[in-house]
Amino acid sequence: MERQIMNNKKRLFSVEPTELSPSEVFTRKYTSHLVPALKKLNMDKSPSPINQLTVKHEVDKALALSAQEFAWSGFLLQKLSSSNNPTTTTSSSSNGTRILEGSCKEDEDGEIEEKLSELRKLLPGGEEMNVEEMLSEIGNYIKCLELQTIALKSIVQDTT
């Protein structure tokens, strides 16, 4: 009787492959690029310590390699490869936004153009895209940044 009960508790696995969500695919790709790069940095016996810019370079590179189906990824990879020394990598930053007052149509158009200009600066390759492309890509870029944050938090939690 015990043997029959044990046989009934066998775990069954589906023969059909399970579909991964795009988020899961991205996270797997991201960690498969980032973890080996970080291990390599940690194992490097060079006299210079690992600095934040070197780690940032590897984090950005893993992000770009994990999302190659998006145009911003290619621009980010190009930017990273053009700066051979990761310690010289710079990130674009906003000088702050200014508040425009007035309800005139011209003021609103100017404010919209200013906001679009800021978005272009934030999105890798955004300055070379038209408005429709940029707005489409920015949504994907933000989603990938969110997933990157989740993956990095998970890595930190696993190592502490």
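All figures in this text were calculated on a predicted structure; none of them were measured in a lab. (Residues numbered from 1 in each chain as written. Predicted model: local features only at pLDDT ≥ 70, side-chain atom pairs only at ≥ 80, totals over all residues. Heavy atoms only, no water.)

### Considerations on the environment of valine 55
So, point 1. As for its placement among the helices and strands, valine 55 is situated in helix H3 (residues 52–66).
So, point 2. Looking at valine 55, the relative accessible area reads 29%, which means it is partly exposed.
So, point 3. Residues valine 55 and leucine 34 lie 21 residues apart in sequence; the distance between their C-alpha atoms is 9.7 Å. (Helix = DSSP H or I, 4+ residues; strand = E, 2+ residues; numbered from the N terminus. Buried < 20%, exposed > 50% of the residue type's maximum accessible area, 1.4 Å probe, protein only.)

### A word on the packing of aromatic side chains
So, point 1. Evaluation of the coordinates by the stated rule reveals 3 aromatic pairs.
So, point 2. With centroids separated by 5.8 Å and ring planes inclined at 15 degrees, the aromatic side chains of phenylalanine 26 and tyrosine 30 adopt a geometry described as stacked. Within this pair, phenylalanine 26 and its partner tyrosine 30 are both found in helix H2 (residues 22–43), separated by 4 residues, close to a single helical turn.
So, point 3. Overall, phenylalanine 26 belongs to the buried group, its relative accessible area being 5%.
So, point 4. Between tryptophan 72 and tyrosine 141, the ring centres sit 4.8 Å apart and the planes meet at 65 degrees, which makes this aromatic pair edge-to-face. Within this pair, whereas tryptophan 72 is found in helix H4 (residues 71–82), its partner tyrosine 141 is found in helix H6 (residues 131–159), the two being separated by 69 residues in sequence.
So, point 5. Judged by its relative accessible area of 0%, tryptophan 72 falls in the buried class.
So, point 6. Given a relative accessible area of 14%, tyrosine 141 falls into the buried group.
So, point 7. Put simply, the rings of Phe70, Trp72 and Tyr141 touch in pairs and so form one group of aromatic residues. (Phe/Tyr/Trp six-rings, centres within 6.5 Å; stacked < 30°, edge-to-face > 60°.)

### A few points about the nonpolar core
So, point 1. Ranked by size, the top nonpolar core spans 21 residues in total, and within it Phe26, Tyr30, Leu63, Trp72, Leu123 and Cys144 carry the most contacts.
So, point 2. Contributing elements (two or more residues each) for this core: H2, H3, H4 and H6.
So, point 3. Excluding its chain neighbours within four sequence positions, the residues that come into contact with leucine 63 are Phe26, Tyr30, Trp72, Leu76, Tyr141, Cys144, Leu145 and Gln148. (Core = buried A, V, L, I, M, F, W, Y, C linked by side-chain atoms within 4.5 Å. Contact = heavy atoms within 4.5 Å.)

### Describing the packing of H3 against H4
So, point 1. Here H3 crosses H4 at 145 degrees, and the two axes come no closer than 8 Å. Like other packed secondary-structure pairs, H3 and H4 cross with a definite hand, here left-handed. Packed against H3, whose contacting residues are His57, Asp60, Lys61, Leu63, Ala64 and Leu65, the element H4 presents Trp72, Ser73, Leu76, Leu77 and Leu80 at the interface.
So, point 2. Class assignment of the residues belonging to the contact of H3 with H4 gives a composition of 7 nonpolar, 2 polar and 2 charged. (Axes fitted to C-alpha atoms, helices over the stretch in contact; angles between N-to-C directions. Left-handed = near helix turned anticlockwise from the far one by under 90°. Nonpolar A, V, L, I, M, F, W, Y, C, P; charged D, E, K, R; others polar.)

### Let's talk about H6
So, point 1. Over its 29 residues, H6 extends 41 Å from the first C-alpha to the last, a length consistent with the 42 Å expected when each residue adds 1.5 Å.
So, point 2. Looking at the buried side of H6, the elements it contacts are H2, H3, H4 and helix H5 (105–122).
So, point 3. The backbone nitrogen of glutamate 132 lies 3.1 Å from a side-chain oxygen of the residue at the head of H6, namely asparagine 130. (Expected span 1.5 Å × (residues − 1). Polar contact = N/O pair within 3.5 Å; in protein donor to acceptor, adjacent residues only side chain to side chain.)

### Things to note about the side chain of glutamine 148
So, point 1. Residue placement: glutamine 148 occurs in helix H6.
So, point 2. Other than its neighbours up to four places away in sequence, glutamine 148 contacts Phe26, Tyr30, Val59 and Leu63.

### Observations regarding the confidence of the model for the protein chain
So, point 1. In this model, the protein chain carries a mean pLDDT of 80, and residues with pLDDT of at least 70 account for 72%.
So, point 2. Least confident of the elements in the protein chain is helix H1 (residues 2–8), whose mean pLDDT is 53; most confident is H4, at 94.
So, point 3. In the model, residues 87–102 has pLDDT below 50 throughout and makes 23 contacts with residues more than four positions away in sequence or in other chains. (pLDDT = per-residue confidence, 0-100.)

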